[in-house]
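# Descriptive analysis of the structure
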2 protein chains.
Amino acid sequence: MATLKRISVQKTRLADEIYEQLLIAIGAGDIAPNERLVQERLANELQVSRTPVREALLRLEQEGVLETSGRSGFVIRQISNAEVREIYQARIAIEGFAARLVTERNDKAVYEQLRNLVLQQESIKRVDISAYFEANRTIHRAIVEKANNRFLLEQFDSIWNRSNSFRMFAKIDDVDLDKSLGDHIPLIDAMASGNGHDAFEAMRDHIEGGLTLQMDAILNS
Amino acid sequence: MATLKRISVQKTRLADEIYEQLLIAIGAGDIAPNERLVQERLANELQVSRTPVREALLRLEQEGVLETSGRSGFVIRQISNAEVREIYQARIAIEGFAARLVTERNDKAVYEQLRNLVLQQESIKRVDISAYFEANRTIHRAIVEKANNRFLLEQFDSIWNRSNSFRMFAKIDDVDLDKSLGDHIPLIDAMASGNGHDAFEAMRDHIEGGLTLQMDAILNS
DNA sequence: TTCAGGAATACTGTATACAGTATACAACGT
DNA sequence: ACGTTGTATACTGTATACAGTATTCCTGAA
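Quantities reported herein were computed from a predicted structural model and do not represent experimental measurements. (Residues numbered from 1 in each chain as written. Chains lettered and ligands numbered in written order. Predicted model: local features only at pLDDT ≥ 70, side-chain atom pairs only at ≥ 80, totals over all residues. Heavy atoms only, no water.)

## Remarks on the protein's contact with DNA strand C
With respect to spatial proximity, 18 residues lie near DNA strand C, and among them Ser49, Thr51 and Arg71 of chain A together with Arg50 and Arg54 of chain B are the closest. Of all atoms in DNA strand C that approach within 4 Å of the protein, 60% are sugar or phosphate atoms. The separation between a phosphate oxygen of DNA strand C and a polar side-chain atom of arginine 36 of chain A is 3.1 Å. Arginine 54 of chain B places a side-chain nitrogen or oxygen 2.6 Å from a phosphate oxygen of DNA strand C. For the surface near DNA strand C, the secondary-structure elements that each account for two or more residues are α3 (50-62) of chain A together with α3 (50-62) of chain B. No other element matches α3 of chain A, which puts three residues into the surface near DNA strand C. In terms of residue class, the surface near DNA strand C is made up of five nonpolar, five polar and eight charged. (Near = heavy atom within 4 Å. Polar contact = N/O pair within 3.5 Å; in protein donor to acceptor, adjacent residues only side chain to side chain. Helix = DSSP H or I, 4+ residues; strand = E, 2+ residues; numbered from the N terminus. Nonpolar A, V, L, I, M, F, W, Y, C, P; charged D, E, K, R; others polar.)

## Details of unusual backbone geometry
Residues and elements named next belong to chain A. For asparagine 106, which is not a glycine, the phi torsion comes out positive at approximately 55 degrees. On the secondary structure map, asparagine 106 appears in the loop between α4 (81-105) and α5 (108-122). On the basis of relative accessibility, which here comes to 46%, the residue asparagine 106 falls in the partly exposed class. (Buried < 20%, exposed > 50% of the residue type's maximum accessible area, 1.4 Å probe, protein only.)

## Re helix α6 (residues 129-146) of chain A
Residue and element names in this part refer to chain A. For α6, which comprises 18 residues, the first-to-last C-alpha distance of 26 Å matches the rise-based estimate of 26 Å (1.5 Å per residue) to within 8%. Ala131, Tyr132, Phe133, Ala135, Asn136, Arg137, Ile139, His140, Ala142, Ile143 and Val144 are the residues of α6 that are buried. The inward-facing, buried residues of α6 abut α4, α5, α7 (150-166), α8 (174-181), α9 (184-192) and α10 (196-219). Two residues or fewer past α6, asparagine 148 is found with a positive phi of approximately 55 degrees. (Expected span 1.5 Å × (residues − 1). Contact = heavy atoms within 4.5 Å.)

## Let's talk about the pattern of salt bridges
All told, the structure shown has 40 salt bridges over all chains when counted by the stated rule. Glutamate 201 of chain A serves as the salt-bridge partner of arginine 100 of chain B, at 2.9 Å between the closest nitrogen and oxygen. Within this pair, whereas arginine 100 of chain B is found in helix α4 (residues 81-105), its partner glutamate 201 of chain A is found in helix α10, the two belonging to separate chains. You'll find arginine 100 of chain B and glutamate 201 of chain A in the same group, each marked buried. (Salt bridge = Lys/Arg side-chain N within 4 Å of Asp/Glu carboxyl O.)

## Comments concerning the domain arrangement of chain A
All names here are of chain A. By domain assignment, chain A separates into domain 1 (14-76) and domain 2 (81-219). The interface of domain 1 with domain 2 comprises 10 residues on the first partner and six residues on the second. Together domain 1 and domain 2 conceal approximately 620 Å² of surface at their shared face, both sides included; 48% is due to carbon and sulfur atoms. Joining domain 1 to domain 2, the criterion identifies zero salt bridges. Summed over the shared surface of domain 1 and domain 2, the number is one residue pair in polar contact (both at pLDDT 80 or more). (Domains from an automatic or database assignment. Buried area = accessible area lost by both parts, 1.4 Å probe.)

## Overview of the interface of chain A and chain B
Each partner contributes to the interface: chain A provides 37 residues, whereas chain B provides 37 residues. Between chain A and chain B, the buried area comes to about 3300 Å², and carbon and sulfur atoms account for 48% of it. In this structure, glutamate 83 of chain A engages arginine 150 of chain B in a salt bridge whose closest nitrogen and oxygen atoms are separated by 3.8 Å. Our count for the contact surface shared by chain A and chain B stands at 17 residue pairs in polar contact (both at pLDDT 80 or more). At the level of elements, α3, α4, α7 and α10 of chain A are the ones that each hand at least two residues to the side of chain A that touches chain B. In terms of residues, the side of chain A that touches chain B owes the most to one element, α4 of chain A, which gives 13 residues. In the side of chain A that touches chain B, the residues fall into 14 nonpolar, seven polar and 16 charged.

## Focus on the packing of aromatic side chains
By the definition in use, this model includes eight aromatic pairs over all chains. Judged by centre distance (6.0 Å) and plane angle (45 degrees), the rings of phenylalanine 97 of chain A and phenylalanine 200 of chain B are tilted. One end of the pair, phenylalanine 97 of chain A, is in helix α4; the other, phenylalanine 200 of chain B, is in helix α10 (residues 196-219), on a second chain. Both residues of the pair, phenylalanine 97 of chain A and phenylalanine 200 of chain B, count as buried. Seen in terms of ring centroids, phenylalanine 156 of chain A and tryptophan 160 of chain A are 5.2 Å apart; in terms of plane orientation they differ by 25 degrees. Their pairing is stacked. Of this pair, phenylalanine 156 of chain A and tryptophan 160 of chain A both sit in helix α7, four residues apart, which is roughly one turn of the helix. (Phe/Tyr/Trp six-rings, centres within 6.5 Å; stacked < 30°, edge-to-face > 60°.)

## Some words on the protein's contact with DNA strand D
As a structural note, the neighbourhood of DNA strand D is formed by 18 residues, with Arg50 and Arg54 of chain A together with Ser49, Thr51 and Arg71 of chain B the closest of them. Of all DNA strand D atoms lying within 4 Å of any protein atom, the proportion belonging to sugar or phosphate reaches 59%. Within the contact set of DNA strand D, a phosphate oxygen lies 3.5 Å away from a backbone nitrogen or oxygen of glutamine 39 of chain A. At a separation of 2.6 Å, a phosphate oxygen of DNA strand D approaches a polar side-chain atom of arginine 54 of chain A. Only α3 of chain A together with α3 of chain B provide two or more residues apiece to the surface near DNA strand D. Counting residues per element, the surface near DNA strand D draws most heavily on α3 of chain B, at three residues. Partitioning the surface near DNA strand D into residue classes produces five nonpolar, five polar and eight charged.

## Some details on the packing of α3 of chain A against α3 of chain B
α3 of chain B packs onto α3 of chain A with a crossing angle of 50 degrees between their chain directions and a minimal axis gap of 11 Å. By the angle between their directions, the pair α3 of chain A and α3 of chain B is classed as oblique. In the packing of α3 of chain A onto α3 of chain B, the handedness of the crossing is right-handed. Residues Arg54, Glu55, Leu58, Arg59 and Gln62 of chain A of α3 of chain A form the contact with α3 of chain B, whose own contacting residues are Arg54, Glu55, Leu58, Arg59 and Gln62 of chain B. Residues of the contact of α3 of chain A with α3 of chain B, tallied by class, amount to two nonpolar, two polar and six charged. (Axes fitted to C-alpha atoms, helices over the stretch in contact; angles between N-to-C directions. Parallel < 35°, antiparallel > 145°, perpendicular 65-115°, else oblique. Left-handed = near helix turned anticlockwise from the far one by under 90°.)

Pasting the structure below:
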């Protein structure tokens, strides 16, 4: 008998779907910063019981997206300015080293794929902040993916999920975001130059540029 | 009226305690690699209900320590050789950059504190692998702590928890572990020399030395 | 002995029930 | 109006109940 493919079993837990939905809702700003996420209310809205809702909320709490507000439910965790700086710094550690690893692979095909992706993402219509955010995330994630290290990728996702919930770019002017998004080709070029250290420093400069924009926007708002 | 201290509220969830216990038990090797962790059995042993046990297991699954084994409970997730390499590589990203940050702070007092800690940890009686592991973890964690970045520290913990559950050093000879533990003072010296890049590379060399020991041990066993 | 088939079971995932405590509210006195 | 006290409520955390499916075990035929 021919070996048959296992039919997709969708061994999916409700908790996972709820987790995803909440993350998206938070990123889209559909949940107000002070809104209380109450298990029973969410369960009613989603037409499930409290159990999977609770599991999703606990996971988001664990990941630093939500925090428990005593006996009044969960709330989106607010990030201080100091934490914003630390997030960008941690990104340098991960994405900078990923850029170095990619460079040390020295595979021309990889650079071409990255360049194509950047061009494609830069050309999308950016109607809102979320679109900017996703384009940026897609580009940076692709670089980390090319480093072939699932732990670096995991940590990338972990840190970006938090930025997502903070709606990191919400305060930056469109014109600056546009400029920042256009900064990616030089980054790939630096990687393609072949020196791992230069690649790291290029990523570092790029991310620090983003941090500067972010902090200026916060201070001017 | 005198201001009274808030009595310790211990707003602790059972799930958190169970999580800690399981992590310790796994690290100590008290749970066999193929042992099935069944919710109801654990609940009976711990004299609690399935709910907090399940929450702890789900968290450990999420963190990559356990994996679900279909309808036969949870099992310790085995790590492939490729993943071992990736773990060490991710450590270079995080701990290397942390070393650079510490060096760029250029605070003499910090180096002294680190040196004292290293001397203290190197002198402990090492009765078993776990003691080695913890001494090593303590030293490296202290360095990351000095970088003053809670996200780097979080990622450090995340990755070391996995190593712990993998019983990372279990196969390495005592004599090699001894030598490796003695390698930390030169590392601090390199940081104290004041150049951030050198600090990064020193940490990189140090961690890659550990990787070599690890891989040799695996291949010879 | 080995394999197929089917019943029993073991375990998960989800729903519901219960207990306890912080929070909100209302009533009262000042 | 304002604060204080008692009471109701809302919400969490934990326990238990239920449903469904993979896994195991047993039986019997080849």
